[in-house]
Amino acid sequence: MKSNALFEALIATAVDGIVVIDARGTVQIYNAACERLFGYAPDEVIGHNVKMLMPRPYRTEHDEYLANYRRSKEKRIIGIGREVLGRRKDATTFPMYLSVGEGRSSEQAFFVGIIHDLSALRSEKSERAALDRQLANIVESSEDIILSKTLDGVVTSWNAAAERIFGYTAQEIIGRSIAIIIPPDRLAEEEEILKRIRAGEQIKHYETVRRRKDGGEVAVSLTISPVRDAAGKIIGASKIARDVTERQRAEAKAANLRAELFHASRLSAMGRMTAAIAHEVNQPLTAVTNYVNAAKRLLAALEGGAAVSNAREMMEKAVAQTLRAGSIIRNLRDFAEKRDSVREVHDLNGVVEEAVALGLAGAAEANATIRANLGPDLPPVLIDKIQIQQVVLNLIRNSVEAMADSARREIAVSTGTDGPDFVAITIADTGPGLPEEIAARLFQPFTTTKDQGMGIGLNICRSIVEDHGGQIWLMPDVEQGATFRIQLPLAGLAEEAP
Ligand code: ADP
């Protein structure tokens, strides 16, 4: 009696489902755990065939299986146990581990099935797998480089961004040393990083340079963290790297732009000063001219032989020089003053000559010479003289800079007519010329090969020339150096231009 009660309590409180069937498959015992698992009440199951707890195909095969066992005693599950599917009352299924034992009471055989629910374990497993997949997707689709390495620096994973930015495929680099992407002069840096990782430190936003497969360098910002195993032991490092080449380039550009703006504002301050000085100097110059002219007239009244006539000659020269000083100052004032665009009819040769004169100073300093070949009888042009001079000066300055390392440093500036409707200015130098890739986007802003260059000079030149209804281009296939040509419409045509 006592043992019977104990037995019942055992069955009722068991965490796993317990089902007892007879040799024909009829359920005799069905415990509380089974009620939770299958959703059937005991009276719905007890006395019925156990196959109701099984989905197809077990359900259809079970009777056959039992009969077969009765005949052959061939065990397929008894005493072994295996993973099968259970079927709930609501027809849904769940994975379970079923172990079956065989018993015998008086002449009757019976089977005890113990059912362990695997659905929780399964869903945890599949959740983990889904999570892993998701994580792998994130890593693969990341714009940032994500890789991992052992504490000896052997690469263990390598994502798509790493392939794209460094040029090595995962296959090429996994199992090899990370040193492949480290410039030789920075290997010590990697040692230091690994040392800190071994000490459990994380390294954040460390900016450095790495080497691509093609030998080029990439500026990267690294965040490196230790990777630990389940026991917490550090076994490697994971590294997230961002390509900051573009950002650094943009920062350098911005710094240059700032410097250029400072320069421009200094220039405009100087321009204002120059204009003021020119104004101030003009008055005494006019006074000097007047005095010298007066003195000349006084001398003319004197009869004084050679000395007087010498003095008169010198007075003439003094007047010429003061007039020249006056015109230089006027020119300077024109050039330095901030002013609106003014179109006037000009003789192109005169305009170019003045620009060449202004360019000579810079050229001489750089040991370059400028030769002017001015074409005869050019028809007049309607231009803003200062702007066109700016263009010519800018081209001369570019040539001077380009020829810094050239053996021959010569610039030829020529003018001439170009068909019936245009005049042209050509500026040719004996420098290195332009590589194809620069030539292709020469007039786009920010195209530059100079450390300090802004790459806007030619862009401004083009706007000015096009504003005049003209064109500027780099002549293809010249023998040596670079040759720029500016084409401007004749005065009559330009007036008609919108
Ligand atoms: P920046 O002088 O600031 O670079 P520019 O627009 O004036 O800007 O020139 C753009 C680039 O074109 C230069 O950096 C240089 O590489 C190239 N370039 C211009 N003129 C010449 C020239 N005469 N010879 C060779 N290269 C030139």
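Going by the structure above, here's the rest.
Right, let's get into the overall build of the chain. When its secondary structure is counted, the chain shows 15 helices and 17 strands. Over its C-alpha atoms the chain spans a radius of gyration of 47 Å, topping by over 25% the 23 Å that the globule rule assigns to 498 residues. Projecting the C-alpha coordinates of the chain onto the three principal axes gives extents of approximately 170 × 55 × 45 Å. Here the chain holds 498 residues, and the buried ones make up 37% of them. Per element, the accessible surface of the chain, about 29,400 Å² overall, is 55% carbon and sulfur.

In this structure, the second largest pocket occupies an estimated 540 Å³ of space. In this structure, the second largest pocket is lined by 26 residues; those nearest its centre are Met54, His62, Tyr65, Ile77 and Leu98. Every element with two or more residues in the lining of the second largest pocket is listed here: strand 1 (17-22), helix 4 (58-72), strand 3 (82-87), strand 4 (93-105) and strand 5 (108-117). Element by element, the count of residues in the lining of the second largest pocket is highest for helix 4, at seven residues. Of the residues assigned to the lining of the second largest pocket, the class counts are 20 nonpolar, two polar and four charged.

On to the packing of aromatic side chains, then. On inspection of all chains with the given rule, the structure shows four aromatic pairs. Considering the side-chain rings of tyrosine 69 and phenylalanine 111, the 5.8 Å spacing of their centres and the 70° angle between planes classify their relative orientation as edge-to-face. Here phenylalanine 111 lies in strand 5 and tyrosine 69 lies in helix 4, a separation of 42 residues in the sequence. A relative accessible area of 4% means that tyrosine 69 is categorised as buried. When its relative accessible area of 5% is taken as the criterion, phenylalanine 111 is described as buried. Measuring from centroid to centroid gives 6.4 Å for phenylalanine 443 and phenylalanine 484, while their planes differ by 90°, and the two rings are edge-to-face. With a gap of 41 residues between them, phenylalanine 443 in the loop between helix 13 (436-440) and helix 14 (457-467) and phenylalanine 484 in strand 17 (residues 483-489) connect regions that are remote in the sequence. Like phenylalanine 443, the residue phenylalanine 484 is buried in the burial classification.

Another point: the pairing of strand 6 (residues 145-150). The pairing of strand 6 with strand 10 (residues 234-243) spans six bridges and is antiparallel. Bridge assignment links serine 148 to a residue of strand 10, and that residue is serine 238. Where strand 6 meets strand 7 (residues 155-158), three bridges bridge the pair, whose relative direction is antiparallel. The residue bridging lysine 149 from the neighbouring strand is valine 155, located in strand 7. Connecting the antiparallel pair strand 6 and strand 7 is a turn made up of four residues, with glycine 153 showing a positive phi of about 85°.

Take the nonpolar core next. Membership of the largest hydrophobic core comes to 36 residues, with the highest contact counts inside it found for Val413, Ile425, Ile486 and Leu488. Of all the secondary structure elements, the ones that give two or more residues to this core are helix 11 (348-365), strand 13 (381-383), helix 12 (385-402), strand 14 (410-418), strand 15 (422-429), helix 14 and strand 17. The contact partners of leucine 488, leaving out residues within four places of it in the chain, are Leu348, Ile383, Ile388, Asp421, Phe422, Val423, Ile425, Val465, His468 and Gly470.

Reading the values: rules and limits
- Residues numbered from 1 in each chain as written.
- Predicted model: local features only at pLDDT ≥ 70, side-chain atom pairs only at ≥ 80, totals over all residues.
- Heavy atoms only, no water.
- Helix = DSSP H or I, 4+ residues; strand = E, 2+ residues; numbered from the N terminus.
- Rg over C-alpha atoms; globule rule 2.2 N^0.38 Å.
- Buried < 20%, exposed > 50% of the residue type's maximum accessible area, 1.4 Å probe, protein only.
- Areas by Shrake-Rupley, 256 points an atom, 1.4 Å probe, with all protein chains shown as cover.
- 1 Å grid on protein atoms, 1.4 Å probe; cavity = no way out; pocket = protein on both sides within 12 Å on 5 of 7 lines; lining within 4 Å.
- Points joined across faces, edges and corners; volume = space filled by probe spheres on them.
- Nonpolar A, V, L, I, M, F, W, Y, C, P; charged D, E, K, R; others polar.
- Phe/Tyr/Trp six-rings, centres within 6.5 Å; stacked < 30°, edge-to-face > 60°.
- Pairing = 2+ DSSP bridges.
- Core = buried A, V, L, I, M, F, W, Y, C linked by side-chain atoms within 4.5 Å.
- Contact = heavy atoms within 4.5 Å.

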